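# Analysis of the macromolecular model
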Amino acid sequence: MATGSSWDERISGFLLSPSLFLSCTTPDSFLSELLDELRDDKANDYKKVLLLSPLLEHPTVLCPTISAGEGTAQELISILTFTPQKSVSLKCYIMLAVTNVLICTSCLSNRTKVAEDYLDFLFKTIQDTNDNSCGLALHPLRATACDCLREMESCNPGLLSQRLETLYYLKQQETTVLHQSYCMLYTQSLKNAIRLLTREKDVDNAKLRSVLTGNEGFSWKTVDSSLYTLPFSMMTQVPQLPTALDCKELKSVLSLLLEESYLMTPVSQAALLRGLVEIVAMVPAISPAIFKSQLLRLFGTAEIELMHATLLMKGTFTDSLFTAEDEHFLLKRLVGMAQHPLLRTPEKLFYMNCILHFPENRPISSSGEECLPVLVTPQLTSSLLPTVFNDGATMLCRLNLLCLVHLEADEEEEGKGLAYLFDHLMAMLKIVDNQGSREMVVTSFRAIFIFLTHFNHMEKLSQRLVSSLCDLYSRHCRLAPNLIDLADRIQECMEESLWSVQLLKALQKCVVEMPPLQLTLQNLSWHLKILARVAQESQIAQRNTICLLLNVLINSNLCERRNWQVGNAILAVCRQLLQHPTLSEMFIELADLLQYMAKHYEDTDTQDHARFYYTLLTNLSWEKLAGILAKGPEGGPAKIRSLSAIVAESDGLTSCLTVHQTEGCVLQLKKIHGHGSQGAVTSTDTLETVNEKDLLEVYQEQFKTSGFASEITLRYNLTHAILNDPRFDRMFTICLHFDLNDSHYADINDIYVPCLFRDRKPPQVSLKLKPFQPYPTSLRLSAIFTTEDGLSWHTQLPDVKVSFPEIFLPVPLPLGTSHEVKQEVFDHIWKATSLGEPSSSATSLFCFKTESDALADLVKTHFEGYLIAESQDPSGVWKVIFFLPPLFHILLMMRQAEDAVQVSIATDNWELLPHISSYLQNITVHCNMTST
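This is a predicted model, so every value here is computed, not measured.

### Thoughts on the overall build of the chain
Looking only at helices and strands, the chain has 36 helices and 14 strands in total. Looking at the chain residue by residue over its 932 residues, the buried ones come to 49%. A sequence separation of at least 24 residues applies to 71% of the contacts in the chain between residues at least 6 apart. As presented, the chain carries roughly 45,200 Å² of accessible surface, and 52% of it is formed by carbon and sulfur atoms.

### Thoughts on the sheet that holds strand β8 (residues 792-802)
In space, the 5 strands of this open sheet follow the order β1-β8-β7-β4-β5, with mixed pairing throughout. A strand with exactly one partner marks an edge of an open sheet, and here the two such strands are β1 (659-661) and β5 (751-757). Each strand axis lies, on average, 35° off the axis of its neighbour in the sheet, ignoring direction.

### A word on the packing of aromatic side chains
Tallied over the entire structure, the rule returns 25 aromatic pairs. An angle of 55° between the planes, with centres 6.0 Å apart, marks the rings of Phe422 and Phe451 as tilted. You can see Phe422 sitting in helix α20 (residues 411-433) and its partner Phe451 sitting in helix α21 (residues 438-455), a full 29 residues away along the chain. We classify Phe422 as buried; its relative accessible area is 2%. An angle of 40° between the planes, with centres 6.0 Å apart, marks the rings of Phe612 and Tyr613 as tilted. Put simply, the rings of Phe804, Phe808, Phe863, Tyr866, Phe882 and Tyr919 pair up and form one aromatic cluster. Its guanidinium or amino end placed over the ring of Phe123, Arg163 lies 4.1 Å from that ring's centre, counting from NZ or CZ. The ring of Phe757 is capped by Arg730, whose NZ or CZ atom sits 3.9 Å from the centre of that ring.

### Points about helix α34 (residues 819-834)
With 16 residues, α34 should reach 22 Å at 1.5 Å per residue; the first-to-last C-alpha distance of 22 Å fits that figure. If you check which residues of α34 are buried, you get Val821, Val825, Phe826, Ile829, Trp830 and Thr833.

### So, unusual backbone geometry
With an omega dihedral of 10°, the bond running from Pro885 to Pro886 counts as a cis peptide bond. Among the structural elements, Pro886 can be located in the loop between β11 (877-884) and β12 (888-896). Phi angles above zero are rare outside glycine, and Asp202 is one such case at about 55°. According to the relative accessible area criterion, Asp202 is exposed, its value standing at 70%.

### Section: the confidence of the model for the chain
On average, residues of the chain score 84 in pLDDT, and 87% of them reach the 70 mark or higher. When the criterion is pLDDT under 50, residues 230-234 qualifies, and its contacts beyond four places in sequence or with other chains add up to 7 contacts.

### Describing the sheet that holds strand β2 (residues 667-671)
Reading across the sheet, the 3 strands line up as β2-β3-β6 and stay open at both edges, with antiparallel pairing between neighbours. Single-partner strands in this sheet number two, and they are β2 and β6 (764-769). Taking each pair of neighbouring strands and ignoring which way they run, the sheet shows an average axis angle of 40°. Where β2 lies against strand β3 (residues 712-720), 5 bridges are found, and the strand directions are antiparallel. Bridge pairing in β3 links Leu667 to His720.

### Considerations on the packing of helix α16 (residues 304-317) against helix α18 (residues 345-356)
Across the interface, α16 lies against α18 with an axial gap of 11 Å and an inter-helix angle of 10°. Accordingly, the angle class assigned to the pair α16 and α18 is roughly parallel. In this structure, α16 uses Ile304, Met307, His308 and Leu311 to contact α18, whose residues at the interface are Glu347, Phe350, Tyr351 and Cys354. Looking at the contact of α16 with α18 residue by residue, the class counts come to 6 nonpolar, 1 polar and 1 charged.

### Concerning the environment of Arg575
Checked against the element boundaries, Arg575 lands in helix α28 (residues 564-578). The exposure class assigned to Arg575 is buried, which follows from its relative accessible area of 16%. Along the sequence, Arg575 and Leu625 sit 50 residues apart, while their C-alpha atoms lie 9.8 Å from each other.

### Thoughts on the pattern of salt bridges
Opposite charge on two side chains lets them pair, provided their charged atoms get close. Overall, the coordinates contain 29 salt bridges when judged by the stated rule. A salt bridge links Arg150 to Asp147, with the nearest nitrogen and oxygen atoms 3.6 Å apart. Of this pair, Arg150 and Asp147 both sit in helix α9 (residues 139-155), 3 residues apart, which is roughly one turn of the helix. For Arg150, a relative accessible area of 27% translates into the label partly exposed. Note that Lys671 and Glu806 form a salt bridge whose closest N and O atoms lie 2.5 Å from each other. Here Lys671 is found in strand β2, whereas its partner Glu806 is found in the loop between β8 and α34, with 135 residues between them in sequence. What makes Lys671 partly exposed here is its relative accessible area of 27%. A cluster of three or more residues bridged by salt bridges with shared partners is formed by Asp36, Arg39 and Glu75.

### Side note on the nonpolar core
General note: in soluble globular proteins, nonpolar side chains tend to be found buried as a group. Leu76, Ile126, Leu190, Phe291, Met313, Leu401 and Leu590 are the most contacted members of the largest nonpolar core, which totals 213 residues. Met313 has contacts with Leu273, Val277, Phe291, Leu295, Leu298, Thr318, Leu321 and Phe322, leaving out every residue within four places of it along the chain. Listed in part, the 57 residues of the second largest apolar core include Leu667, Phe738, Leu767 and Tyr866.

### Some details on the environment of Ala897
Looking at the element boundaries, Ala897 is found in the loop between β12 and β13 (901-907). Taking C-alpha positions, Ala897 is 10.0 Å from Glu851, a pair spaced 46 residues apart along the chain.

### Quick look at the side chain of Arg398
If you trace the backbone, Arg398 turns up in helix α19 (residues 392-407). With residues near it in sequence (within four places) discarded, Arg398 still touches Ala338, Gln339, Met352, Ser383, Leu384, Leu385, Pro386 and Asn390.

### Concerning the packing of helix α8 (residues 113-126) against α9
It is at 9 Å that the axes of α8 and α9 come closest, and there the two elements cross at 135°. For the element pair α8 / α9, the angle class is oblique. At the point where α8 passes α9, the crossing takes the left-handed sense. Between α8 and α9, the residues in contact are Tyr118, Leu119, Leu122, Phe123, Thr125 and Ile126 and Leu141, Arg142, Ala145, Cys146, Cys148, Leu149 and Met152, respectively. For the contact of α8 with α9, a count of residues per class yields 11 nonpolar, 1 polar and 1 charged.

### Structural notes on the state of the cysteines
Across all of its chains, the model carries 0 disulfides by this definition. Free cysteine: Cys146, not disulfide-bonded; nearest cysteine sulfur from Cys148 at 9.3 Å. Residue class for Cys146 comes out buried when judged on its relative accessible area of 1%.

### A closer look at the pairing of β11
Within a regular strand, side chains alternate between the sheet's two faces. With respect to burial, β11 is a largely interior element, 7 of its 8 residues being buried. Pairing analysis gives 8 bridges linking β11 to β12, with the strands arranged antiparallel. By the bridge assignment, Phe882 is partnered in β12 with Ile890. If you look at the hairpin formed by β11 and β12, you'll find 3 residues sitting between the two strands.

What counts, and where the lines are drawn
Residues numbered from 1 in each chain as written. Predicted model: local features only at pLDDT ≥ 70, side-chain atom pairs only at ≥ 80, totals over all residues. Heavy atoms only, no water. Helix = DSSP H or I, 4+ residues; strand = E, 2+ residues; numbered from the N terminus. Buried < 20%, exposed > 50% of the residue type's maximum accessible area, 1.4 Å probe, protein only. Contact = heavy atoms within 4.5 Å. Areas by Shrake-Rupley, 256 points an atom, 1.4 Å probe, with all protein chains shown as cover. Pairing = 2+ DSSP bridges. Axes fitted to C-alpha atoms, helices over the stretch in contact; angles between N-to-C directions. Phe/Tyr/Trp six-rings, centres within 6.5 Å; stacked < 30°, edge-to-face > 60°. Lys NZ or Arg CZ within 6 Å of the ring centre and 35° of its normal. Expected span 1.5 Å × (residues − 1). pLDDT = per-residue confidence, 0-100. Parallel < 35°, antiparallel > 145°, perpendicular 65-115°, else oblique. Nonpolar A, V, L, I, M, F, W, Y, C, P; charged D, E, K, R; others polar. Salt bridge = Lys/Arg side-chain N within 4 Å of Asp/Glu carboxyl O. Core = buried A, V, L, I, M, F, W, Y, C linked by side-chain atoms within 4.5 Å. Left-handed = near helix turned anticlockwise from the far one by under 90°. Disulfide = S-S within 2.5 Å.

What follows is the structure, given as structure tokens:
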């Protein structure tokens, strides 16, 4: 049994990476250990709460099927029943875990027995209003039960729709702090019940009354839960009840809930209001004016949750609830809260976002297109103008809002507003110029980006901004990455804008005209980054860049210093220049630069690359250069041809260095079928040779602790496909690459075959599979090979299918083990499997009709290598055992009855049963038998 500290480590490891953790064990095994430890009376409550966390965080990993979830939930309920009353907190966690498992494994939606029983238990728990029966000590259990029921109702809408009268009565009776939980549960159930009613036809007053007074049990109708989660913009499109319904009773219920809402916490109030808003939106007979009495309180709230609920009302009911005066007041309130000195930055940003997306009574755009609200004017937002004293996030949010405001303002106001915003940008750049912090640098460039996205069309301001940035760069060349990123982002967002080109052209001019004293080694690295980016622009002439680089190399000791970083940076500029459309205009200058570096730069790698680029420049046209040097979108290999293809295609070198794709499949793997189903299967592990009397004990211990690290070896012949192409008659250096289609097996190494000739015997290929789970699978297969003419080819082969019987291995016992010991091993495993843990072990029965002599032939054909006990007469028993790596068994006992053969099946992995059944059906059908 694991110690406390080891459980801490194991649970932490599982929560960090469930897949990695389970690669060393199985979900069933780990879950079984958790449940065993939870049943241990010696374990303390803290440890048990820790053990429940995997089921709370990743229930479907440990319970992947409905049956697994049902069994786990039943175990947890049993543990809950025997948990002492004093362990109230632990009981609450177990209740949450059961609820989580039932919902996530679909036990609730499929109405399993354990889900019905647990729902009855929860409902019985909440009926102890005011703790009359169980006392105040169990108060948290009722709170948890309410939360569990509300979660079940949310995930299975309408589940409690027939218990509304009881829920309303319980809510009215509850006078403790749990009244809030009962209100939330009732509101959730009422909303879903009304939604169900809107989907019915011919709804009348009797149906509505029956819903409100229903007390008939639980509703297990399957309803799409996505219908109950509506986005903000879709609230006006909810289905509605007929307008002629008599909704006085429903209105009375809603009014009472609203009157009680002020007693709740802000979060619960907001959730309640959202539910009531949805109900009123579905019932046109109830006027939204029912919320009128709450507006004054909500307008003055400082709670974000309540303000959000208020805006939901505003967007849903517009002028049917909010007057023009209400709208103005609410917007002013948002502006005031967005600058309140006592609020934190996230809260201020929330209010700013609410202003930007304020739901108007009559928005300008009715098509759903986002635009600035009409009421958000320069006068209203004058107090929100950004300042250098704002934190970065607040300043950027304010700047974005004010840019939108002044973009839509009239000309006179626009001029004043833009002047302020532009001056604000200049002030930020001055702070950066005076050694501003890294945060200020980032904020400043983000602010410039926001400003340009709105006002890049104003040439005067754009030019001034370019001039200011170049002036700043001349003093702080460390800003090169920021300027490059700014230019890139502007090009991405505004493809038609020329501002990025103007900035880069100005930066190039700034660099090439810079005084020689400023061209230090450290500064030169930044300048080269700028020049490399400038060289990517086809609209900018590059002759000045080349002249600058050549002058720097000639008139300095840079070549003698052997600085690889600087040399590589210069070559990066040259690489971009080789792809420039105006290459012909600067051919001589670039050739001089590359030749000088190849001869004088005292770094071997730099010399080699310069010589290589010089060879490209002097031997290829610009089109071929661009094709060779152009990289893919991820910075990967060349799009069109290899970098080494430096001569014309007519010379043939390009073809030799390119991997070609075959038009069809030219290779295939053909399985080598041996005797029976085990002919191509071997095991790498068996037990060490021991005395026979100790063999069973050794097998039991090794299987119990670690299983066997067995692998399956499948043998194939590598042959030519049907495609008869003489080019592929002789293949060399064949590399077979396998890709898994699932996670049940370990990765497979590439297999290399020296050659394949059409007129020779095909080579054999041994494929080794190491299973994590012994299920059938398929492998994607491709190959790369070389032909006699020196060309390299890539081809796709048919998928390799691994069937279920190909996974079977003999039980890993030493050679020469006696027949009696084998039977002991069989009987032990059969007994352990039959009486094993139901969550993993399983037994089954398979029957088919046949003659007695046909059964013997069947056994000899398919089970000879796995046979443990052979029947000597028609009424005897045949015993067969398969070992499935890494640690599973399938055991068969076959008996000849009067009219059929009975095959008793036992396995320590119940998930193998469908595969076993299919396998038995296949082999009996081939024998012309009728299976049942």
